Amino acid sequence: MKNIFCRGLLSLVLLILFSGVNAQKKQLKIGDKLPDVVWSTALEMVNHPQKTLTLSAYKDRLILLDFWATWCGGCLQNFPKMEALEKKFGDKIKILAVSNESKGVLEKFFSSKNGQRYKGTQSVAEDRFLKELFPHTAIPFIVWLKDGKVLNTTDAEQVSEETVNEVLKGEKSSLQTVIQLDRKRPLMLSENFEHEKNANLLGYQLLVKGRIRAIAYGSGFHRDGNIEYGRQFTNASLMDIYKGIAYRLFEKRGEKFSDKLLFNYVKSPEEIDFDTSKESKENDAKWYSLEYIVPKEVSDSLYLRMFRYLGDNTPYIASIEKRNIRCLVLKRTSSKDKIASKGGVVKDNFFGSPSVLENVTLDYMLSGLNATNDLTPLAVIDETGYKGKVDLRFSEVRDLKTFQKELLQYDLSLTQQERNISVLIVKDKH
């Protein structure tokens, strides 16, 4: 009887312990009360007088957890702003940088020439605990804690003197919550759909104008082996989306697409084609996000359907047409092979000085020429028919006449001619 009682007591103790572990790992949501373990857990620190600290020291402040990494340029750009806000609000606020990188990596970074600029940043190192409580897929990611609760989660851009003041004064907040989206699943589709065991998603379309803060700029795919049955573009200019689709459609035709084969006839071209690196409210309103999924058996029609969908739901229409245009045509001038590669390490330094390509296909040179207008604004097309690997060396690719002259040593010519080729046309619908 005694042994049975002891075994029962041991089981109860283990159950309580495991329950405690699970409670610690529970993901916290906006409005949740912070469990005691959040305040008591010792956090490993760098750039701090103590080796560890606990959040309990800042329990009466507004706490911002700023998740970051040494490789994240956007994170580093925010550090001076965060430091200035801490000085401005004094003991009313604590902004704590949080990284899952090792203490050694962080210390090495902060001692580097670049890292010296941010040596005033106190950071948690080797974090696993806070990331589990506040999971995210991209950084910088900010978690706002106040009055013992999770107040909000946002991007770093929204951290400002204005928003901090609003929170401290208890005013209506202008913060937009950011709960990061998983690019692997259909955007905005309710997670409840996964519970429907007898329902299969056959098709899905989403088109949004305006910035979605919950996901970064980029592109994704839905694939099953070699079958590409869905494509996703997020926070992109509409022109970037058109170009992404065109690249795939040209590829299916056995052709190569480049910006030089794009003709934008839109009356206000800046509405769909603008400098996406500049952050502004004006640009935020111009972003587009598109997701399109088709049944796998009609995956070959995916990109054509995406073109039509954009035409049905925007003021613009895009098409791929044949046009007679002036091009630079690359040809061989003899049957003697002077460009065959000797093998070895792949080298791609086409825009270097000297310009060197080794053990690569001619596509490397053609792609380089079509990616820039520095040498020529004309599209460059390949009519050599050469499929093997090549070794090529030029003084530098800066001047067209010099480049054309140096091509002759390889029995290659690059001359201006007219060709009837496929181009992408974008224009207003009406």
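This structure is a prediction, so every number in the text was calculated from the model and none was measured.

## Structural notes on the sheet that holds strand β17 (residues 390-394)
Strand order in the open sheet formed by three strands is β14-β15-β17, and the pairing between neighbours is antiparallel. Of all strands in the sheet, those with a lone pairing partner are β14 (347-349) and β17, marking the two edges. Recorded for the sheet is a direction-independent mean angle of 15 degrees between the axes of neighbouring strands. Two elements, β14 and strand β15 (residues 355-360), share three bridges in a ladder whose sense is antiparallel. Counterpart to K347 in the pairing with β15 is E358. Across the sheet, helix α10 (residues 363-370) touches β14, β15 and β17, and the angle it forms with β15 is around 140 degrees.

## Quick notes on the packing of aromatic side chains
Overall, the coordinates contain 16 aromatic pairs when judged by the stated rule. With 6.1 Å between their ring centres and 55 degrees between their planes, Y242 and F307 make a pair best called tilted. Residue Y242 is located in helix α7 (residues 238-252), and its partner F307 is located in helix α9 (residues 302-313); the two are separated by 65 residues in the primary sequence. Residue Y242 is classed as buried on the basis of its relative accessible area, which comes to 0%. An aromatic cluster is defined as three or more aromatic residues linked by ring pairs; in this entry it consists of W68, F79, F109, F110 and Y118. Taking NZ or CZ as reference, K286 lies 5.3 Å from the ring centre of F274, over its face. Above the ring of Y229, the side-chain terminus of K296 is found at 5.2 Å from the ring centroid.

## Section: unusual backbone geometry
Cis rather than trans, the peptide bond between I139 and P140 has omega equal to 0 degrees. Within the element layout of this structure, P140 appears in the loop between α5 (129-133) and β6 (141-146). Here the amide bond leading from S353 into P354 is cis, since omega sits at 10 degrees, within 30 degrees of zero. Secondary-structure assignment places P354 in the loop between β14 and β15.

## Some words on the packing of α7 against α9
For the pair α7 and α9, interaxial distance at closest approach is 9 Å and the crossing angle is 150 degrees. Taken as axis vectors, α7 and α9 run roughly antiparallel relative to one another. In the packing of α7 onto α9, the handedness of the crossing is left-handed. Of the residues in α9, those touching α7 at L238, I241, Y242, I245, A246, R248, L249 and K252 are Y303, L304, M306, F307 and L310.

## Re the pattern of salt bridges
Per the counting criterion, the structure on display carries 22 salt bridges. Ionic pairing is found between K243 and D259, a salt bridge with its closest N-O pair at 3.2 Å. In this pair, K243 is assigned in helix α7 and D259 in the loop between α7 and β11 (262-264), connecting sequence segments 16 residues apart. Taking the relative accessible area as the measure of exposure, K243 reaches 17% and is therefore buried. In this structure, D411 engages K338 in a salt bridge whose closest nitrogen and oxygen atoms are separated by 3.4 Å. On the criterion of sequence distance, the pair formed by D411 in the loop between α11 (400-407) and β18 (412-428) and K338 in the loop between β13 (316-332) and β14 is long-range, its members being 73 residues apart. With a relative accessible area of 14%, D411 lands in the buried category. In this structure K338 comes out as partly exposed when scored by relative accessible area, which is 37%.

## Some details on the state of the cysteines
This structure, assessed with the given rule, holds one disulfide. The disulfide bridge from C72 ends at C75, spanning 2.3 Å between sulfur atoms. The S-S bond linking C72 to C75 shows a torsion near 80 degrees; that makes this disulfide right-handed. Among the residues examined, C75 registers a relative accessible area of 1% and is labelled buried.

Definitions and cut-offs
- Residues numbered from 1 in each chain as written.
- Predicted model: local features only at pLDDT ≥ 70, side-chain atom pairs only at ≥ 80, totals over all residues.
- Heavy atoms only, no water.
- Pairing = 2+ DSSP bridges.
- Helix = DSSP H or I, 4+ residues; strand = E, 2+ residues; numbered from the N terminus.
- Axes fitted to C-alpha atoms, helices over the stretch in contact; angles between N-to-C directions.
- Contact = heavy atoms within 4.5 Å.
- Phe/Tyr/Trp six-rings, centres within 6.5 Å; stacked < 30°, edge-to-face > 60°.
- Buried < 20%, exposed > 50% of the residue type's maximum accessible area, 1.4 Å probe, protein only.
- Lys NZ or Arg CZ within 6 Å of the ring centre and 35° of its normal.
- Parallel < 35°, antiparallel > 145°, perpendicular 65-115°, else oblique.
- Left-handed = near helix turned anticlockwise from the far one by under 90°.
- Salt bridge = Lys/Arg side-chain N within 4 Å of Asp/Glu carboxyl O.
- Disulfide = S-S within 2.5 Å.

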